[in-house]
Amino acid sequence: MKFRFAGAVSDILPGAQLLLDELGVELGEGGVTVEIALSEGELQVGREHTRAYIRYGRKHQFFRGLGLLIQHSRHSDTFHLQENQQFDQIGPMFDLSRNAVLTVDSFKLMLNKMALMGMNSVMLYMEDTYEIKGEPYFGYMRGRYTQAELKEIDDYADQFGIEAFPSIQTLAHLEEFLKWEPIKHYRDTKGALLVGGEQTDALIERMIEAASAPFRSKKIHIGMDEAEELGRGKYLDHNGYVSRFDIMIAHLEKVLAAVRRRGLKPMMWSDMFLKLASGGGGDAAYYDKEASIPEEMARQIPKDVDMVYWDYTHMEPEDYEKVIANHRPLGCNLVFAGAVWIFNTFGVNYGLSLNASDVALQVCKQEGIREVYATMWGDDGNEGNPFAALLGLQLYAEHAYSEEKPSRTQLAERVKFCTGIEMETFLQLKDLDEIPGQEPNNAKQSNPSKFLLYQDVLLGMFDKQIEGLDLANHYAELEQSIRGKRNSRAELDYLFEMPEKLSAVLKRKSEIGILLKQAYDAKDNDTLRHMAKNVLPAISRAVQELRLAHRTQWHRMFKPFGWEVIDIRYGGVITRLDTASFRILEYAEGRVARIEELEQERLVFSTTHRGNHKGVGWCSHYYRMASPNVFYHVLNPF
């Protein structure tokens, strides 16, 4: 395919050339003439044989239009399209703080995909992964970005009309910085800053300066979410009891003063205000439909900070409508953040993500919310990756250009064009966790792909959660399905190597603890001997293959820092399999009288289980999956 651009091209040509190279489209004489012009806001794309046009209102819209032109030209030489953007700002939030820090080149590849989708905003969530002059422990050994790297990302995004801006933390969620002994003067509790002092105030100034300086944007997200421990550590010792609301408002004013001095436009997570208003803590208080902001509280909250309402799980419109109504008394501009669920899993919970996002985004349109983001958190070390979430991002993009909910046909066609991967191939990633016995669409966020890999085969802590399910067959079929749908010619095909290898592990390992316990209870030494000599070593070899595939993927898209955590986890699985083989053989061959771990009764791991129709279980932390025993004990970390 060959195009010749005519009209207002100087502003869009650098970005267009990057995308055309990726899509295999040439620019030059003799191609289809594409008239490019500005419009009053609507995106218009069409073609009549050898002449075509793209009319756009904002720079980023041109690149969506270019993609639509190429996509439809592959099937027809006559078409006319018109779209009206529903949100002023639409884009992802990348979690760059949970070990997996995208390389600059990976970020550029992601921006290419976003440009074709028509997104115009990207939030970089960086707790301590940006450098601050004079603070060497800030992001130390954590893959922090240099100022030059952030500027390079910003420059690249700007070619597509995409606004990049920082999302930082100025109160809580700073565990990885505050863990260092030399900076203990900043610490209130494990994760919260000691607010109110000159040293912390000076740090906040440097944070805001360092985070905002590399970007063109005047936006900055100042965090301040989930600060339930605020004022309950050193602050309490120094000042006595002060209400969390009063502490937070005083600190927020200092943060906003630093922001205002630099002419920045702040936003913050809204949850703490709703939680404090409801008199409770945790997410239940945040989503309390009866919660309301008292007038006295609302009066004290600054109005020049946008409030970001985050909601990742609800499936009914009234749930969103009510919580949005609860925010209105704050008197601040309201921004919405949904999610594509790559949290705490090797896959993507697309059943939950796509359905919750469909509902949330339609409500946002109806409620007049003009700015929305798709978060992709990397909790507990980030075994997943944001490229696997591209189908979810595509849904956000299609909502942004459709008054009604986009059809699955539209979504499938667009994601195939923008990413090179079929929708059904992406959707297989949900089946790593959406297993037999699961509730529809994995609405309770069960994550067996992770806890079944990491759980110890002798301890079987999750065996009661999954007994009676044919998981070996489920994962064997999934392995074959993923392999059958892969396309070696696709640029992103490598994303599916690790899920395929994980399925190969779980078809062997998922139920092995149950089988070991059964053989032990039956005193079937022949079966135990076979497991020790053949089955467990085969699982170990499969885990090694998975580790190598995962390592290749990680180093292709992320900085190396943080991979050591995943390496250690795989090493733990392998060495425990070796110990299990040793101990089982010791028993089967009569050298020990019993295996104490297999003597133990198996209990359900949590109150989330099939017996009460809440899925097959969820666990947030690796160390709880691997063992019920002490990994670390924090009373006085120093």
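Refer to the structure above for everything that follows.
Residues numbered from 1 in each chain as written. Predicted model: local features only at pLDDT ≥ 70, side-chain atom pairs only at ≥ 80, totals over all residues. Heavy atoms only, no water.

### Let's talk about the packing of aromatic side chains
Item 1. Per the counting criterion, the structure on display carries 37 aromatic pairs.
Item 2. An angle of 85° between the planes, with centres 6.0 Å apart, marks the rings of tyrosine 622 and phenylalanine 631 as edge-to-face.
Item 3. Here a set of aromatic residues connected by ring pairs shows up, and it is made of Tyr286, Tyr287, Tyr309, Trp310, Tyr312, Tyr320, Phe336, Trp341, Phe343 and Trp618.
Item 4. Cation over ring: arginine 55 sits above tyrosine 53, and NZ or CZ is 4.0 Å from the ring centre. (Phe/Tyr/Trp six-rings, centres within 6.5 Å; stacked < 30°, edge-to-face > 60°. Lys NZ or Arg CZ within 6 Å of the ring centre and 35° of its normal.)

### What to know about the pattern of salt bridges
Item 1. Using the criterion set out here, one finds 59 salt bridges in the structure.
Item 2. Taking the shortest distance from any N to any O, the salt bridge between arginine 98 and glutamate 127 comes out at 3.5 Å. Linking arginine 98 in the loop between strand S7 (89-95) and helix H3 (104-117) with glutamate 127 in the loop between strand S8 (121-125) and helix H4 (147-158), this pair joins segments that are 29 residues apart in sequence. Note on accessibility: arginine 98 and glutamate 127 belong to one class, buried.
Item 3. A salt bridge links arginine 569 to aspartate 380; the nearest nitrogen and oxygen atoms lie 3.5 Å apart. On the criterion of sequence distance, the pair formed by arginine 569 in helix H23 (residues 563-588) and aspartate 380 in the loop between strand S14 (371-376) and helix H14 (390-400) is long-range, its members being 189 residues apart.
Item 4. According to the relative accessible area criterion, arginine 569 is buried, its value standing at 7%.
Item 5. Look at the salt bridges and you will find they share partners, linking Glu479, Arg483, Arg486, Asp493, Glu497, Glu500, Lys501, Lys507 and Glu545 into a network. (Salt bridge = Lys/Arg side-chain N within 4 Å of Asp/Glu carboxyl O. Helix = DSSP H or I, 4+ residues; strand = E, 2+ residues; numbered from the N terminus. Buried < 20%, exposed > 50% of the residue type's maximum accessible area, 1.4 Å probe, protein only.)

### A short note on unusual backbone geometry
Item 1. Backbone geometry at histidine 49 places phi at a positive 60°, although glycine is not the residue there.
Item 2. Tracing the backbone through its elements, the reader meets histidine 49 in the loop between strand S4 (43-48) and strand S5 (51-56).
Item 3. In this structure, asparagine 442 is a non-glycine residue whose phi angle is positive, near 50°.
Item 4. Residue placement: asparagine 442 occurs in the loop between helix H16 (423-427) and helix H17 (448-454).

### Re H23
Item 1. Compared with the 38 Å implied by 1.5 Å per residue over 26 residues, the 38 Å span of H23 between its first and last C-alpha is a close match.
Item 2. Glycine 590 sits one or two positions beyond H23 and adopts a positive phi of about 80°. (Expected span 1.5 Å × (residues − 1).)

### Concerning the pairing of S5
Item 1. Bridge analysis of strand S3 (residues 32-38) against S5 gives six bridges, and the strand direction is parallel. Within S5, the residue paired with isoleucine 36 across the bridge is isoleucine 54.
Item 2. As paired strands, S4 and S5 are joined by five bridges and run antiparallel to one another. Within the sheet, the bridge partner assigned to glutamate 48 lies in S5 and is arginine 51.
Item 3. From the end of S4 to the start of S5, which pair antiparallel, there are two residues, and histidine 49 there has a positive phi angle of about 60°. (Pairing = 2+ DSSP bridges.)

### Observations regarding empty space enclosed by the protein
Item 1. Counting across every chain of the model gives five cavities of 30 Å³ or more.
Item 2. The computed volume of the largest cavity comes to approximately 60 Å³.
Item 3. Taken together, Phe94, Asp95, Leu96, Ala100, Leu102, Ile342, Met376, Asn382, Pro386 and Phe558 make up the lining of the largest cavity.
Item 4. Split by residue class, the lining of the largest cavity holds eight nonpolar, one polar and one charged. (1 Å grid on protein atoms, 1.4 Å probe; cavity = no way out; pocket = protein on both sides within 12 Å on 5 of 7 lines; lining within 4 Å. Points joined across faces, edges and corners; volume = space filled by probe spheres on them. Nonpolar A, V, L, I, M, F, W, Y, C, P; charged D, E, K, R; others polar.)

### Examining the environment of alanine 258
Item 1. Here alanine 258 lies in helix H8 (residues 244-261).
Item 2. Here alanine 258 falls in the buried class, since its relative accessible area comes to 1%.
Item 3. Not counting residues up to four positions away in its chain, the partners in contact with alanine 258 are Glu205 and Ile208. (Contact = heavy atoms within 4.5 Å.)

### Quick notes on the sheet that holds S5
Two modes of strand pairing occur in sheets, parallel and antiparallel, and in both the strands are linked by backbone hydrogen bonds.
Item 1. The mixed open sheet is built from six strands, whose spatial order is S2-S1-S3-S5-S4-S6. Both edges of this open sheet fall to strand S2 (26-27) and strand S6 (78-83), since each of them pairs with a single strand only.
Item 2. Across five bridges, strand S1 (residues 2-7) lies against S3 in parallel orientation. The residue of S3 that forms the bridge with arginine 4 is threonine 33.
Item 3. Its contacts with the sheet place helix H2 (residues 59-73) against S1, S3, S4, S5 and S6, and it is angled at close to 30° to S4. (Axes fitted to C-alpha atoms, helices over the stretch in contact; angles between N-to-C directions.)

### Focus on the side chain of serine 39
Item 1. For serine 39, the location among the structural elements is in the loop between S3 and S4.
Item 2. A polar contact of 2.7 Å, which involves the side chain of serine 39, links it to the backbone oxygen of glutamate 42.
Item 3. Each residue touching serine 39, except ones within four places of it in the same chain, is listed here: Arg55, Tyr56 and Gly57. (Polar contact = N/O pair within 3.5 Å; in protein donor to acceptor, adjacent residues only side chain to side chain.)

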